[in-house]
Amino acid sequence: MYERQKKQSRLSDFMSSLAGFCRGMKVTFVNLFEREKVTISYPYEKRTVSPRYRGLFYLPYDEEAGRLKCVGCTLCAQACPTNVISMTKLGAGKHAGVSEFTMDLGRCMFCDLCIEACPFDAIHMGPSYELATYERSGSVFRIEDLAPGGKAQVESNSKTIKAALEAEAAQKASNAQKSTTTTTGGHA
Ligand code: SF4
Ligand code: SF4
């Protein structure tokens, strides 16, 4: 009698373990064949990041004006708590811009304060996230790295600003000449 109870107990243990095993395998197969895969083979596959992702900075280019939107006001640099941003201004007044814009991302916290401070919508963060480097100098991004169109856009930016400044100076000189002629003519 005792032996029979022992056998029944073993059988019930076995059945219970088998049921547990089957439940576990069911979860495994559901994940294997039915659920959408969430893992990717990085770096061969790249994940699409959210539109709000804070990746590598870029300086938007105004195609119509033929120059970068940045006017070199330095508000972004002043807002940055870790001195990431430095720039060289080019021109002044309504033709103000930059000839150099450097960001040392090794110090950046991606806090967004510089972007919020910009009144001209002239600095943004893009989706690029592979910013790791073996050398500290690799984290320094210059204007040609930050302009979406690279060196060509930086050259076009400088050319447009310089041309506008020259045109303005020529206009001023012409106005001054006219004013002198008018004054001289008035005295005569
Ligand atoms: S995100 Fe923050 S830390 Fe980075 S440059 Fe802008 S203000 Fe400075
Ligand atoms: S990015 Fe904006 S805030 Fe910074 S210097 Fe250019 S215009 Fe000024």
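Because the structure is predicted, anything quoted here is derived from the model rather than measured. (Residues numbered from 1 in each chain as written. Chains lettered and ligands numbered in written order. Predicted model: local features only at pLDDT ≥ 70, side-chain atom pairs only at ≥ 80, totals over all residues.)

Peer 1: Explain unusual backbone geometry to me, using residue names and the numbers behind them.
Peer 2: For the peptide bond that leads from Tyr42 to Pro43, omega is 5°, which places it in the cis range. Mapped onto the elements, Pro43 comes out in the loop between helix 1 (2–34) and strand 1 (57–58). Positive phi values are uncommon outside glycine, yet Thr74 reaches one of about 70°. As for its placement among the helices and strands, Thr74 is situated in the loop between strand 3 (67–68) and helix 2 (75–79). When the 14 C-beta atoms within 10 Å are taken as the criterion, Thr74 is described as partly exposed. Although it is not a glycine, Phe110 sits at a positive phi angle of roughly 50°. Looking at the secondary structure, you find Phe110 in the loop between strand 5 (97–104) and helix 3 (113–117). You can call Phe110 partly exposed: it has 16 C-beta atoms within 10 Å. (Helix = DSSP H or I, 4+ residues; strand = E, 2+ residues; numbered from the N terminus. Buried ≥ 20, exposed ≤ 12 C-beta atoms within 10 Å, placed from the backbone.)

Peer 1: Describe the site of ligand 2, naming the residues involved and giving the relevant values.
Peer 2: Around ligand 2 lies a shell formed by Cys70, Val71, Gly72, Cys73, Thr74, Leu75, Cys76, Ala117, Cys118, Phe120, Ala122 and Ile123. Its residues assigned to classes, the shell around ligand 2 comprises 10 nonpolar, 2 polar and no charged. (Near = placed C-beta within 6 Å. Nonpolar A, V, L, I, M, F, W, Y, C, P; charged D, E, K, R; others polar.)

Peer 1: Can you tell me about the pairing of strand 4 (residues 85–90), naming the residues and giving the values?
Peer 2: Across 6 bridges, the pairing between strand 4 and strand 5 is antiparallel. Directly across from Lys89, in strand 5, lies its bridge partner Val98. What sits between strand 4 and strand 5 in their antiparallel hairpin is a turn of 6 residues, with Gly91 showing a positive phi close to 75°. (Pairing = 2+ DSSP bridges.)

Peer 1: I'd like a description of the site of ligand 1, backed by residues and values.
Peer 2: Residues in contact with ligand 1, as listed here, are Ala79, Cys80, Thr82, Val84, Ile85, Cys108, Met109, Phe110, Cys111, Asp112, Leu113 and Cys114. Here the residues of the shell around ligand 1 sort into 10 nonpolar, 1 polar and 1 charged.

Peer 1: Tell me what's going on with the domain arrangement of the chain, and back it up with residues and numbers.
Peer 2: Size of an interface, as often reported, equals the accessible area lost when the parts are brought together. Here the chain is partitioned into domain 1 (1–38) and domain 2 (57–174). For domain 1 versus domain 2, the separation of C-alpha centres amounts to 64 Å. (Domains from an automatic or database assignment.)

Peer 1: Describe the nonpolar core, naming the residues involved and giving the relevant values.
Peer 2: Counting 22 residues, the largest nonpolar core has Leu59, Cys70, Ile123, Leu146 and Ala147 as its most contacted members. No other element matches the 3 residues that strand 5 contributes to this core. Ignoring any residue separated from it by four or fewer positions in sequence, one finds Leu59 in contact with Leu68, Cys70, Phe101, Ala122, Ile123, Leu146 and Ala147. (Core = buried A, V, L, I, M, F, W, Y, C linked by C-beta atoms within 7 Å. Contact = placed C-beta atoms within 7 Å.)

Peer 1: Hey, could you go over helix 1 for me, with residue numbers and the actual values?
Peer 2: Over its 33 residues, helix 1 runs 47 Å from end to end, which matches the ideal 48 Å to within 8%, given 1.5 Å per residue. The element helix 1 is barely covered by neighbouring structure, given that only 0 of its 33 residues are classed as buried. (Expected span 1.5 Å × (residues − 1).)

Peer 1: Please set out the sheet that holds strand 5 residue by residue, giving values where relevant.
Peer 2: Remark on secondary structure: sheet strands pair via backbone hydrogen bonds, oriented parallel or antiparallel. Judged by pairing direction, the sheet is antiparallel, and its 3 strands sit side by side in the order 4-5-7 without closing on themselves. Edge positions in the sheet fall to strand 4 and strand 7 (140–141), since each of these pairs with one other strand and no more.

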